[in-house]
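Close look at the chain arrangement
Next come the chains, spelled out residue by residue.
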Amino acid sequence: MFEYAPAPESRSVVEIASSYGLFIDGSFDGGKDGDVFKTVNPATEEVLAEVASAGPEDVDRAVAAARRAFGTWSALPGAERAKYLFRIARIIQERSRELAVLESLDNGKPIRESRDVDLPLVAAHFFYYAGWADKLGHAGFGPDPRPLGVAAQVIPWNFPLLMLAWKVAPALATGNTVVLKPAETTPLSALFFADVCRQAELPAGVVNIVTGAGDTGAYLVAHPDVDKVAFTGSTEVGREIARTVSGTGKRLTLELGGKAANIVFDDAPIDQAVEGIVNGIFFNQGHVCCAGSRLLVQESVFEPLMDSLKRRMATLRVGDPLDKNTDVGAINSAAQLTRIRELSEIGSAEGAERWSPDCQLPDRGFWFAPTIFTGVTQAHRIAREEIFGPVLSVLTFRTPDEAVAKANNTPYGLSAGIWSEKGSRILAVADQLRAGVVWANTFNKFDPASPFGGYKESGYGREGGRHGLEAYLA
């Protein structure tokens, strides 16, 4: 087989300071408490920087800054707000290489994904919502929609900059101001985004960024002067946030976990389906809420599909996230790696057959080989619980009705995929699936004009598209 030579992206394109403060009211400071935490490169366990940990007083200052800025920002004509969003989008494009390298260093994802997927989508979201800023009266939410006020936004570590764009762009376009808390394992791209805001000359206080762990996010969500809460993360934390917000009058959107079914029928193009399966579960190391982590295969094509899938998996390159040839990067943290290992061991103990391609994992860092389990039933924990890693559970079915029943047999309802050459079958099955997004003969395709969100324990509300404006309008 043809051997690829290493093709590393240069780290020199991004300068990471030894320490970072909080971004409040247009400037950085170290926080009142002086507490810090370290963010590490998951591929090497190297400490990248020390970051300030925001306490209650810091969150108070950030919310107060956002409240002061709200009056002026919301009073601007939509066309004027759009200029700032367009400027942010252009700066992101100009700095995309720098931001892509930063994201791969702090998160562990392959540079191909951060460069070719994440950063283009980040810029596209700001461009898209800039276009809406002066057309809100025509969005279908009344002739004169008004912003809510201060939005508290808490984002996860799997797509740090993209999740920021999903939330910040519609909030600013609709006239709201923002206090954002990034995940504690991936704070750097949000802090670099603060510099983008300064470069775009965004008015002070319109975007504020407070870093820290769960306590910081909890205090922000519960803050009495917050009008809107947007959260992406685990279902467990989503429940806590819903309980906190209940009865306060705050608007809430939640995008939570998933256990998506990727359904392959007997008439599906096998090679195309295999590419979709690989993209559905091994993209971003499986750190995707909508990952196709349950593969449902019609019995008559099970063996040829599995043979093709294993051949394809044997070609995946696991290793240095900054190598442009890498397909699967590092697991984001030691804690997440422990969970993936524990659930995989449970899968083996419960009788499922485990297989991984031969691959040499690096000695340092957090790594897990792409893995599939066959012989899985709906009773297995690996078929029911979100693993959030590069682990695929394979089940079989005989009829479309059985496929639908198994696909819907989950507390989650974020996404699904259907592979078939019959358009009528795709439409009939998609109509029965309880999932917020259903892909047909593809997987993990996103567009800023398309809404995204879930049912059941995958949360409620929509982000993206015209629908994403509604969560930020009174």
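Here's a quick rundown of the structure. (Residues numbered from 1 in each chain as written. Predicted model: local features only at pLDDT ≥ 70, side-chain atom pairs only at ≥ 80, totals over all residues. Heavy atoms only, no water.)

Some points on the side chain of Thr 410
Note the following rule: Strands here are runs of E lasting at least two residues and helices are runs of H or I lasting at least four, both read from the DSSP assignment and numbered beginning at the N terminus. In this scheme, a residue with accessible area under 20% of its type's maximum is buried, one over 50% is exposed, and one in between is partly exposed, where area comes from a 1.4 Å probe on protein chains only. Pairs of N or O atoms within 3.5 Å make up the polar contacts considered here, provided that, within protein, one atom can donate a hydrogen while the other can accept it, and that residues adjacent in sequence are counted only when both atoms are side-chain atoms. Should any heavy atoms of two residues lie within 4.5 Å, those residues are considered in contact.
Looking at the element boundaries, Thr 410 is found in the loop between α13 (400-408) and β16 (412-413). A relative accessible area of 11% places Thr 410 in the buried class. Polar contacts involving the side chain of Thr 410 include one to the main-chain amide nitrogen of Tyr 412, which spans 3.1 Å. In this view, Thr 410 contacts Lys 259, Arg 294 and Lys 456; residues no more than four positions away in its chain are not counted.

Observations concerning the sheet that holds strand β4 (residues 36-41)
Basically, it comes down to this: Any two strands with at least two DSSP bridges between them are considered paired. Inter-axis angles, ranging from 0 to 180 degrees, are taken between N-to-C directions of lines fitted to C-alpha atoms, where helices are fitted over the stretch in contact.
Taken in spatial order, the three strands line up as β1-β5-β4 in an open sheet, and their pairing is mixed. Looking at which strands have only one partner, the edges of the open sheet turn out to be β1 (19-20) and β4. Here β1 pairs with strand β5 (residues 46-52) via two bridges, running parallel. Bridging across to β5, Tyr 20 finds its partner in Val 51. On top of the sheet, helix α3 (residues 96-107) reaches β4 and β5; it is set at about 100 degrees to β4, its chief contact. Taken strand by strand, helix α6 (residues 188-199) contacts β1, β4 and β5, and its axis lies near 55 degrees from that of β5.

Some remarks on the nonpolar core
We count it as follows: Definition used in this section: a nonpolar core is a set of buried Ala, Val, Leu, Ile, Met, Phe, Trp, Tyr and Cys residues joined via side-chain atoms within 4.5 Å.
Counting residues in hydrophobic clusters, the biggest one holds 108 residues, and the most contacted among them are Ile 92, Phe 126, Phe 193 and Leu 309. Broken down by element, this core gets its largest block of residues, eleven residues, from helix α5 (residues 160-173). For Leu 309, the contacting residues outside a window of four places in its chain are Val 274, Ile 277, Val 278, Leu 295, Ile 372 and Leu 392. Core analysis: the second largest hydrophobic core is formed by 28 residues, Ala 261, Ala 352, Phe 368 and Leu 395 among them.

Notes on the packing of α3 against helix α4 (residues 111-132)
Note the threshold: Roughly parallel here means an angle under 35 degrees, roughly antiparallel means over 145, roughly perpendicular means 65 to 115, and every remaining angle is called oblique. Two helices that cross are described as forming a left-handed crossing if the nearer one is turned anticlockwise from the farther one by less than a right angle, and a right-handed crossing if clockwise. Three classes are used, and their members are as follows: Ala, Val, Leu, Ile, Met, Phe, Trp, Tyr, Cys and Pro are nonpolar, Asp, Glu, Lys and Arg are charged, and the others, Gly among them, are polar.
It is the contact of α3 with α4, at a shortest axis distance of 9 Å, that shows an interaxial angle of 125 degrees. Between α3 and α4, the angle is such that the two are oblique. The interaxial crossing formed by α3 with α4 has right-handed handedness. From α3, Ser 96, Leu 99, Ala 100, Val 101, Glu 103 and Ser 104 reach across to α4, where they touch Ile 111, Ser 114, Arg 115 and Leu 119. Per-class residue counts for the contact of α3 with α4 are five nonpolar, three polar and two charged.

What to know about the packing of helix α2 (residues 78-94) against α6
Where α2 meets α6, the closest approach of the two axes is 9 Å, and the angle between their N-to-C directions is 125 degrees. When the interaxial angle is binned, α2 and α6 end up oblique. Seen from above, α2 lies across α6 with right-handed handedness. Mapping the contact onto sequence places Ile 88, Ile 91 and Ile 92 in α2 and Phe 193, Val 196 and Gln 199 in α6. By residue class, the composition of the contact of α2 with α6 is five nonpolar, one polar and no charged.

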